[in-house]
Amino acid sequence: MGNIRLIARLDVKGAYLIKSINLEGLRKIGDPGEYAKKYYADGADEIIYMDPVASLYGRNSLLDIVEKATRDVFIPITVGGGVRTLSDVEKILKSGADKVAVNTAAIKRPELIREIATRFGSQCMVLSIEAKQSGPDLWEAYYDNGRERSGREVIEWARQGVALGAGEILLTSVDREGSARGFDSDLVKKVGEAVSIPIIASGGMGHTDHLIHVVKEGKADAVAMAHVLHYNKLTFKDIREKARQEGLPIRSTRNEWMN
Amino acid sequence: MDELTVVDYGMGNLLSVKRALEFSCGRVVVTDSAKGIDDASKLILPGVGAFKEGMAELEKRGLIESIRRFCKENRPFLGICLGMQMMLDMSHEFGVSEGLGVIPGTVLPLPPCSLDGRPNKIPHIGWSSLSKSASVASWRGTILESISPFSSFYFVHSFYAVPVNSGHILAECGYNGHRFAAVIRSGNLYGCQFHPEKSGPDGLSLLKDFISL
């Protein structure tokens, strides 16, 4: 097993970092650039910027935020929300992002996954799946920020996405998102067993035990977290130390090895 | 301040590379012309995407010969990710295609299974530390001079470089028991499979050492 990636997920609306519960009920938190800088300094492995209402264009858009972040954040940045065309992807990558996360547009036209992977490479095509449990061992993919049902069964959709060229899956549990009750480790495990690309578990982190569970039981390759960080409940330092004590492979940051 | 020239051939995260170099105290010029490369004192070839397409984009802009010339004169050169793979003779990504050939070798797909038979997740995405390859006594005087065995770097790739001469491998990295070249070197020509511009302070320090070559 390689090092588990610890990812800060920042949902953005206009010029603000926001936080939602079950992908609804948005709350303003602060300046998304300052938060990214702080998480970078604290030793985050990656940043995900998501724009749930997809205001990709216009002033204070996500593109400006990313462009600014590249001045002092030197870790991979993924951007999601409102990615519909190859030209959207090109603009996002040009502004300094490394990967795009696509959900709604891929559900509406799966061929977009192949087009992005062919033009820009699989490594930048992250398939974002919003999964809601619909029965025992059964999940349905939702879109439009967890509002609309796609009718697609998640595991089958993940397989199809990989066949089309997705290089990674950002797997958000709509049921757990913002709940702080822990990740849906069953979901992560089932999807991870079905495909051979890395899975980022997202939605539900309340404390480090949740992370340990979704890595040990769910076999997640990476873990995205939001409100535990935004509300200062945990720092990357706390998380790294605890996860290491539990035997998880976590990289050392330069701050750690220099001290 | 040292001036660095970054090759723009329509592929790769140019802005991130530029910003990381600027942060590491370099003055950066971006060029998409053969003349820009001829005039460069230090050259960086970034790259994200497919090998064949990368070479086609270089060719379309008429840059291949000038890059080869630059390397022949042993001026400081750094290929990043795809830029590193293109330094070799050829790649087996989507059929066989010819590379720049400034370091003898070939590019192969990462093995689909680990040594114990379990499927590897591909692409290989994540942070890994580097180890000295057996053929290298020390990293002193190289771009890895200030790197510790605990330093880690961000990798994202499905293919890996196999130089003919193992003496050209400066550092290795492991992926589920499989060892591959993480940094290749021949004189002043360097290539790294990972993204130093996305590898935090350790990556920036590597770039700084490249700038002061």
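Coordinates for the structure precede this section.
For clarity, every value in this text was computed on a predicted model and none was experimentally measured.

1. Looking at the overall build of chain A
What chain A contains, in helices and strands, is 11 helices and 12 strands. Computed over the C-alpha atoms, the radius of gyration of chain A is 17 Å, within 12% of the 18 Å expected from 2.2 N^0.38 for a compact globule of 259 residues. Out of the 259 residues belonging to chain A, those deemed buried represent 59%. Summarising the internal contacts of chain A: among those between residues at least 6 apart in sequence, 64% fall at separations of at least 24.

2. Regarding the overall build of chain B
The helix and strand inventory of chain B stands at six helices and 14 strands. Since a compact globule built from 213 residues should have a radius of gyration of about 17 Å, the 16 Å found for chain B is in line with a globular shape. Principal axes of the C-alpha set define a box for chain B whose edges measure 50 × 40 × 30 Å. Within chain B, the proportion of its 213 residues that are buried is 60%. Within chain B, contacts between residues separated by at least 24 positions form 71% of all contacts whose residues are at least 6 apart in sequence. In the form shown here, chain B has an accessible surface area of approximately 7,900 Å², with 54% of it arising from carbon and sulfur atoms. Taking the 20 positively charged and 21 negatively charged side chains of chain B as two groups, their mean positions are separated by 3 Å.

3. Points about the pairing of strand β6 (residues 99–102) of chain A
Residue and element names in this part refer to chain A. The two faces of β6 match: Lys99 and Ala101 on one face and Val100 and Val102 on the other face are all buried. Strand direction decides the pairing type here: strand β5 (residues 77–80) and β6, joined by three bridges, are parallel. Looking at the pairing, Gly80 lines up with Ala101 of β6. Crossover handedness for the path β5 to helix α3 (residues 86–94) to β6: right-handed. Taken together, the three bridges between β6 and strand β7 (residues 125–135) define a ladder with parallel strand orientation. Within the sheet, the bridge partner assigned to Val102 lies in β7 and is Leu127.

4. Describing the nonpolar core
Counting residues in each nonpolar core, the largest one holds 118 residues, and the members touching the most others are A:Tyr49 and B:Val183. Judged by nonpolar contacts, the second largest core, of 31 residues, contains B:Val7, B:Met84, B:Leu100 and B:Val102.

5. Details of the pattern of salt bridges
Enumeration according to the criterion identifies 40 salt bridges over all chains in this entry. A:Lys242 is paired through a salt bridge with A:Asp209; the nearest N and O atoms lie 2.8 Å apart. Here A:Lys242 is found in helix α10 (residues 236–245), whereas its partner A:Asp209 is found in helix α8 (residues 208–216), with 33 residues between them in sequence. Judged by its relative accessible area of 30%, A:Lys242 is partly exposed. Owing to a relative accessible area of 40%, A:Asp209 belongs among the partly exposed residues under this scheme. Between A:Arg254 and B:Asp202 there is a salt bridge whose closest N-O contact spans 2.4 Å. Here A:Arg254 is found in helix α11 (residues 254–258), whereas its partner B:Asp202 is found in helix α6 (residues 200–211) on a different chain. The same class applies to A:Arg254 as to B:Asp202, namely buried. A single salt-bridge network, built from bridges that share partners, covers A:Asp45, A:Arg240, A:Arg244, A:Arg251 and A:Glu256.

6. Points about the packing of aromatic side chains
Evaluated as defined, the whole model comprises 10 aromatic pairs over all chains. Ring plane angle 75° and centroid distance 6.3 Å describe the contact between A:Tyr40 and A:Phe74, whose orientation is recorded as edge-to-face. Of this pair, A:Tyr40 sits in helix α1 (residues 32–42) while A:Phe74 sits in the loop between α2 (62–69) and β5, placing them 34 residues apart in sequence. Classification of A:Tyr40 by relative accessible area gives buried; the value is 15%. When the ring of B:Phe155 is compared with that of B:Phe194, the centres are 5.4 Å apart and the planes differ by 70°; the resulting orientation is edge-to-face. Here the residue B:Phe155 occupies a position in strand β10 (residues 152–157), and B:Phe194 occupies one in the loop between β14 (189–192) and α6, the gap between them amounting to 39 residues. Given a relative accessible area of 0%, B:Phe194 falls into the buried group. Taken together, the ring pairs connect B:Phe153, B:Phe155, B:Tyr160, B:Phe180 and B:Phe194 into an aromatic cluster. Sitting over the face of the ring of A:Tyr16, A:Lys28 holds its NZ or CZ atom 4.4 Å from the ring centroid. The residue whose ring lies beneath B:Lys132 is B:Trp139, and the NZ or CZ to ring-centre distance is 5.4 Å.

7. Thoughts on the interface of chain A and chain B
Tallying the contact residues gives 35 residues for chain A and 34 residues for chain B. Between chain A and chain B lies a buried interface of about 2,800 Å² when both sides are counted; carbon and sulfur atoms form 53% of it. When residues of chain A are sorted by the area they lose upon contact with chain B, A:Phe74, A:Arg254 and A:Trp257 head the list and together hold 25% of the total. The interface formed by chain A and chain B includes five salt bridges. Two residues, A:Asp98 and B:Lys198, come together in a salt bridge whose shortest N-O distance is 2.9 Å. In this structure, the connection of chain A to chain B is made through 19 residue pairs in polar contact (both at pLDDT 80 or more). For the side of chain A that touches chain B, the elements supplying multiple residues, two or more each, are α5 (111–120) and α11 of chain A. When residues in the side of chain A that touches chain B are grouped by element, the largest group, three residues, is from α5(A).

8. Let's talk about the side chain of A:Arg5
Inspection of the secondary structure puts A:Arg5 in strand β1 (residues 5–13). Once you skip the residues sitting within four places of it in the chain, A:Arg5 turns out to touch A:Asp45, A:Glu46, A:Lys99, A:Glu168, A:Pro198, A:Asp221, A:Ala222, A:Val223, B:Ile125, B:Gly126 and B:Trp127.

Quick notes on the rules
Residues numbered from 1 in each chain as written. Chains lettered and ligands numbered in written order. Predicted model: local features only at pLDDT ≥ 70, side-chain atom pairs only at ≥ 80, totals over all residues. Heavy atoms only, no water. Helix = DSSP H or I, 4+ residues; strand = E, 2+ residues; numbered from the N terminus. Rg over C-alpha atoms; globule rule 2.2 N^0.38 Å. Buried < 20%, exposed > 50% of the residue type's maximum accessible area, 1.4 Å probe, protein only. Contact = heavy atoms within 4.5 Å. Areas by Shrake-Rupley, 256 points an atom, 1.4 Å probe, with all protein chains shown as cover. Lys, Arg positive; Asp, Glu negative; His and termini not counted. Charge placed at Lys NZ, Arg CZ, Asp CG, Glu CD. Pairing = 2+ DSSP bridges. Right-handed = clockwise from strand over helix to strand, strands pointing away. Core = buried A, V, L, I, M, F, W, Y, C linked by side-chain atoms within 4.5 Å. Salt bridge = Lys/Arg side-chain N within 4 Å of Asp/Glu carboxyl O. Phe/Tyr/Trp six-rings, centres within 6.5 Å; stacked < 30°, edge-to-face > 60°. Lys NZ or Arg CZ within 6 Å of the ring centre and 35° of its normal. Buried area = accessible area lost by both parts, 1.4 Å probe. Polar contact = N/O pair within 3.5 Å; in protein donor to acceptor, adjacent residues only side chain to side chain.

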